[in-house]
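Observations on the model geometry
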Amino acid sequence: MTGCIYGVGLGPGDPELVTLKAARVLAEAPIVAWFSKAGARSHAYGIAEKLLRPGHLEMPLIYPVTTEYPVDDPRYSEPIADFYAASSNRIAQHLAEGRDVAVLCAGDPFFYGSFMHLYHRLVTRFPTRVIPGIPAMAGSWTNAGQPITWGDDILTVLPGTLPEAELTERLGRTDAAVIMKLGRNLPHVRRALRANGLEQRAIYVEYGTMQAEKIIPLADKPDDKAPYFSLILVPGQGRRL
């Protein structure tokens with residue numbers, strides 16, 4: 001018998017938003033893996049820590065690069081592809097010997113998640129289960145008290161890494177938007193919103209559902225600094241009864 005790999009969605013940050021199914025799998029998992037930047041505490045591990053099985057084996061997966069280079073630069077794409085291949089092989093060794101492995105995933109495993117790079121390498125070789133999690137955007141618009149879509153509003157989810165011209169064009173033909181992957185991209189994201197007359201509607205959320213949560217109108221944010229765990233909401237204004 002081979003082991004099963006679990007992609008465990010942990011939600012946006014508040015440990016009370018972890019599902020019962022995710023908590024059960026973590027309480028039973030003999031091996032727990034998670035992604036992390038070198039020298040940084042894993043956000044996913046912090047959410048799951050109190051739910052883990054006593055005596056579990058830990059498998060940190062440390063990124064060789066993160067934001068040092070653009071994603072289309074070979075200095076990023078080549079080492080990160082090798083990293084995902086090597087991480088998959090490490091996990092496969094345990095699975096082949098009959099041990100289950102739970103991979104911790106902040107948010108939802110299939111939504112801009114690193115787990116997907118393991119999934120497509122392992123899903124045809126080993127039993128695989130994916131446990132959905134509440135995505136950061138859902139936790140953020142809830143805590144902001146802002147319904148994101150009304151009536152027939154169309155919601156567009158955009159990565160801030162898109163070129164400014166494309167962001168501007170896509171924002172111009174949607175009713176509501178969530179913009180993720182801000183970081184150093186916030187200046188051109190702000191310009192794209194402004195070009196569409198959306199800056200006054202936009203809401204900036206930092207560390208949504210976490211202890212350090214910050215929610216303010218984007219127009220009130222005096223600088224263009226944004227951490228990894230931040231996003232922008234543009235609520236729709238559709239049919240209200």
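In this report, the structure presented in the accompanying data block is examined. (Residues numbered from 1 in each chain as written. Predicted model: local features only at pLDDT ≥ 70, side-chain atom pairs only at ≥ 80, totals over all residues. Heavy atoms only, no water.)

This part covers the packing of aromatic side chains. All told, the structure shown has 11 aromatic pairs when counted by the stated rule. Residues Phe111 and Tyr112 carry aromatic rings whose centres are separated by 5.0 Å and whose planes lie at 55 degrees to one another, so their mutual orientation is tilted. Its relative accessible area of 26% is what places Phe111 among the partly exposed residues. Look at Phe115 and Tyr119: their rings are 6.2 Å apart centre to centre, the planes differ by 50 degrees, and that puts the pair in the tilted class. One end of the pair, Phe115, and the other, Tyr119, are both in helix 4 (residues 115–122), 4 residues apart, so they sit about a helical turn from each other. (Phe/Tyr/Trp six-rings, centres within 6.5 Å; stacked < 30°, edge-to-face > 60°. Buried < 20%, exposed > 50% of the residue type's maximum accessible area, 1.4 Å probe, protein only. Helix = DSSP H or I, 4+ residues; strand = E, 2+ residues; numbered from the N terminus.)

Packing of helix 6 (residues 164–171) against helix 7 (residues 186–195) leaves a shortest axis separation of 9 Å and a crossing angle of 35 degrees. Seen along the crossing, helix 6 lies across helix 7 with a hand that is right-handed. Seen from helix 6, the contacting residues are Glu164, Leu167, Thr168 and Leu171; seen from helix 7, they are His188, Val189, Arg191, Ala192, Leu193 and Ala195. Counted by class, the contact of helix 6 with helix 7 contains 6 nonpolar, 2 polar and 2 charged residues. (Axes fitted to C-alpha atoms, helices over the stretch in contact; angles between N-to-C directions. Left-handed = near helix turned anticlockwise from the far one by under 90°. Contact = heavy atoms within 4.5 Å. Nonpolar A, V, L, I, M, F, W, Y, C, P; charged D, E, K, R; others polar.)

Roughly 190 Å³ of volume is contained in the second largest pocket. What lines the second largest pocket is simply Gly13, Asp14, Pro15, His43, Gly46, Ile47, Thr209, Met210, Gln211 and Phe229. Per-class residue counts for the lining of the second largest pocket are 4 nonpolar, 5 polar and 1 charged. (1 Å grid on protein atoms, 1.4 Å probe; cavity = no way out; pocket = protein on both sides within 12 Å on 5 of 7 lines; lining within 4 Å. Points joined across faces, edges and corners; volume = space filled by probe spheres on them.)

Further remarks concern the state of the cysteines. According to the stated counting rule, one finds 0 disulfides in the structure shown. Of all cysteine sulfurs, the one in Cys105 lies closest to Cys4, which takes part in no disulfide; the gap is 13 Å. The class for Cys4 is buried, based on a relative accessible area of 8%. (Disulfide = S-S within 2.5 Å.)

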